[in-house]
Amino acid sequence: MPRTVKGAAEMVATSTQASSDQARRVEPLLVALSLLTLVTGLVDAACYLGLGRVFTANMTGNVVLLAFGATRAQGLPVLAPTVSLVVFLLAAAAGGRLASSLVGPTGIQVPAPARRRWLTIALLTELLLVAVAALAAAGLPAGDGGARRYVVIGLLAGALGLQNATVRRLAVADMTTTVLTLTLTGLAADSRFGGGQSPRVGRRVATVGLMAAGALAGALLLRVDVALPVLAAAVVIALAAVWLRFGR
């Protein structure tokens, strides 16, 4: 075999092996983000159905509900979405500060150990907030709960604000874990009907399905106790942390 052809073949083989290795490295992250998408469905089901029509993960819906509530439309709340929005923003800022302190500014190459440490700390902090929220939610009547429900709302908004800041920094395509609008738009606009090539169809469909599954499971668990979907969310976050650390 001529040296040029042999060299080209070796380069292709090396590139293929590198792509395969990269895919194996990314897979645990994709699994973890998929689990966090499930968490979003569980948490928002608990909050919207169990804590009085408020979101703690989907801030788009929360801002809209807050605007409706400001007009007293259909008796929609104002305080609950305000608490959720303010705590979410504070936690997102804290998440950005955590990322900057542990892995540096956006755009620089991050060593694997530093990245692993950052993601582990972020997930364990989120897990702690959700676990405390589950304890605080135990025994709360659906749609009520007095002042204690604002504690639950604040804890969950803090957990999801941190999650959003972390996922945003990771910037994995079609894996925002909380917002489906762009994912659904991409699914339709990039389809063959839309004149596209349908990239990442499986990932996009899985993201939509996981959030819907989380919301369905949360609504069913809510029939027993408000704390159950929150507790389930804590378990899923723990699984994400374990998989991210030990998954292959």
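A. Seen up close, the side chain of Thr177. With respect to the helices and strands, the residue Thr177 is situated in the loop between helix H5 (147-170) and helix H6 (181-189). Of the residues examined, Thr177 reaches a relative accessible area of 1% and is grouped as buried. Dropping the residues within four chain positions of it, Thr177 is found in contact with Leu33, Leu36, Thr37, Thr40, Gln163, Val167 and Met211.

B. Quick peek at the packing of aromatic side chains. Under the defined criterion, the tally for this structure stands at one aromatic pair. Arranged with centres 5.1 Å apart and planes meeting at 20°, the rings of Tyr48 and Phe55 form a pair that is stacked. Taking relative accessible area as the criterion, Phe55 reaches 17% and is therefore assigned buried. Over the ring of Phe246 we find Arg245; its NZ or CZ atom is 5.1 Å from the centre of that ring.

C. Layout of unusual backbone geometry. At Arg72, a position not held by glycine, the phi torsion is positive, near 65°. Locating Arg72 in the fold gives a position in the loop between helix H2 (59-70) and helix H3 (79-103). Looking at Arg72, the relative accessible area reads 63%, which means it is exposed. A positive phi is found at Thr177, a non-glycine position, where the angle reads about 75°.

How each quantity is defined
- Residues numbered from 1 in each chain as written.
- Predicted model: local features only at pLDDT ≥ 70, side-chain atom pairs only at ≥ 80, totals over all residues.
- Heavy atoms only, no water.
- Helix = DSSP H or I, 4+ residues; strand = E, 2+ residues; numbered from the N terminus.
- Buried < 20%, exposed > 50% of the residue type's maximum accessible area, 1.4 Å probe, protein only.
- Contact = heavy atoms within 4.5 Å.
- Phe/Tyr/Trp six-rings, centres within 6.5 Å; stacked < 30°, edge-to-face > 60°.
- Lys NZ or Arg CZ within 6 Å of the ring centre and 35° of its normal.

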